[in-house]
Amino acid sequence: MQANALHPDAAGRSKPERLRLAIEIFYARSSRHVHPDGDWQEGLWYPSPAERRACCDDIHPTMSNRQALESHCRSQSHISSLCDVPLGELKAAVRADRKQGSPIAEQVTASLVAPRPQRAETFFEMRQKARQETFEQLHAALAQGLPLFERLHALRDPKVAEEESMAPLLETASASAERLVATLHSARSLEATLTFGSALVETLRTLLEEPPAKRRRSLATGITGADPNPDPSAPGRAA
């Protein structure tokens, strides 16, 4: 059954505008940044009533080809019907775009893919967040343990100590001390990891900023520990 309505974005547009939209939809779907409208029914994919066109009627998904219709809905033949443009014109427009280096395809990809943050900025944000969480844990451990330790420090008089419920106090203080030690170990391990990570990021940044030839020599030297291009005339070299 063919739906009468066009693609929602194609309604009310002129033919050139619908052709441009069809090109964009084709690129977006073929790159799998955008998916056709449909759902799974008993393990098979079917288009929604708004997505379905007459070209879909002869395609029947099976358990061995569950997404037959989903793949068809990404094709130029289906999208041309979806946007009500001649298939031949859509194919010609896509070929022309590809011959020019695919500027439309690049625009579609750029509009659908969010820019990635720089690696150094991402690492810096992760480092700051990890440190903040660790210091909050350390502060919580100190806030719980310090009052107990201060009470124990104040118990210098044996008579006062006898009046205190020493067993529960010592047990609670011991648990707090263990928690504090574990938090300190965690903070120390995190700081060592962050220090190593910062050094690695700086090394990679330096390598990426070097000219390609020098970068290859640096990588080769770092891997083998030897000069990749030894000078035969250097002292100690065999003639």
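Look up a bit, the structure's there.
Just so it is clear, the model here is predicted, and its values are computed rather than measured. (Residues numbered from 1 in each chain as written. Predicted model: local features only at pLDDT ≥ 70, side-chain atom pairs only at ≥ 80, totals over all residues. Heavy atoms only, no water.)

Quick word on the state of the cysteines
- The tally for this structure, following the rule as stated, stands at zero disulfides.
- Of the cysteine sulfurs around C55, a residue in no disulfide, the closest is that of C56, at 4.3 Å.
- Look at C55 and you get partly exposed, because its relative accessible area is 28%. (Disulfide = S-S within 2.5 Å. Buried < 20%, exposed > 50% of the residue type's maximum accessible area, 1.4 Å probe, protein only.)

Here we look at the environment of S111
- One can find S111 in helix 5 (residues 103–112).
- Placed 83 residues apart in sequence, S111 and A28 show a C-alpha to C-alpha distance of 9.8 Å.
- In this structure the side chain of S111 is engaged in a polar contact, spanning 2.7 Å, whose partner is the backbone oxygen of V108. (Helix = DSSP H or I, 4+ residues; strand = E, 2+ residues; numbered from the N terminus. Polar contact = N/O pair within 3.5 Å; in protein donor to acceptor, adjacent residues only side chain to side chain.)

Points about the packing of helix 1 (residues 15–30) against helix 4 (residues 87–99)
- The N-to-C vectors of helix 1 and helix 4 enclose an angle of 65 degrees; their axes lie 10 Å apart at closest approach. Classified by chirality, the crossing of helix 4 by helix 1 is right-handed. The residues of helix 4 that touch helix 1, namely those facing K15, L19, A22, I23, F26 and Y27, are E89, L90, A93, V94, D97 and R98.
- Tallied by class, the residues present in the contact of helix 1 with helix 4 amount to eight nonpolar, no polar and four charged. (Axes fitted to C-alpha atoms, helices over the stretch in contact; angles between N-to-C directions. Left-handed = near helix turned anticlockwise from the far one by under 90°. Contact = heavy atoms within 4.5 Å. Nonpolar A, V, L, I, M, F, W, Y, C, P; charged D, E, K, R; others polar.)

Some thoughts on the nonpolar core
- Counting residues in each nonpolar core, the largest one holds 18 residues, and the members touching the most others are L19, A22, I23, Y27, I79, C83 and L90.
- Residue assignment for this core shows that the elements contributing at least two residues are helix 1, helix 3 (76–83), helix 4 and helix 5.
- For this core, the element with the most residues is helix 1, which contributes eight residues.
- Excluding residues within four positions of it along the chain, A22 makes contact with I79, C83, V85 and L90. (Core = buried A, V, L, I, M, F, W, Y, C linked by side-chain atoms within 4.5 Å.)

Examining helix 5
- Along helix 5, the residues classified as buried are I104, A105 and V108. Buried residues in helix 5, looked at end-on, bunch into an arc of 100 degrees, giving them a common side. Exposed residues lying more than 90 degrees from the buried face of helix 5 are E106 and A110.
- Those residues of helix 5 that are buried are in contact with helix 1 and helix 4. (Arc of directions from axis to C-beta.)

Details of the packing of aromatic side chains
- Enumeration over the complete set of coordinates arrives at one aromatic pair.
- Ring centres 5.7 Å apart and planes at 45 degrees place the aromatic pair F26 and Y27 in the tilted group.
- The class for F26 is buried, based on a relative accessible area of 8%. (Phe/Tyr/Trp six-rings, centres within 6.5 Å; stacked < 30°, edge-to-face > 60°.)

With respect to unusual backbone geometry
- With a phi close to 55 degrees, E42 is a non-glycine residue in the positive phi region.
- Along the chain, E42 falls in the loop between strand 1 (38–41) and strand 2 (44–47).
- At D84, a position not held by glycine, the phi torsion is positive, near 55 degrees.

Details of a nonpolar patch on the surface
- A surface patch of nonpolar side chains, amounting to about 190 Å² of accessible area, comprises V34, L112 and V113.
- With respect to the helices, strands and loops of the structure, V113 is situated in the loop between helix 5 and helix 6 (119–154).
- Classification of V113 as partly exposed rests on a relative accessible area of 37%. (Patch = residues over 30% accessible without salt bridge, like charges linked within 9 Å, V, L, I, M, F, W, Y side chains within 5 Å. Areas by Shrake-Rupley, 256 points an atom, 1.4 Å probe, with all protein chains shown as cover. Salt bridge = Lys/Arg side-chain N within 4 Å of Asp/Glu carboxyl O.)

Points about the pairing of strand 2
- Both strand 1 and strand 2 contribute to a ladder of four bridges, which runs antiparallel. When the bridges of strand 2 are listed, G38 appears paired with P47.
- Adjacent in sequence and paired antiparallel, strand 1 and strand 2 are bridged by two residues, among which E42 carries a positive phi angle near 55 degrees. (Pairing = 2+ DSSP bridges.)

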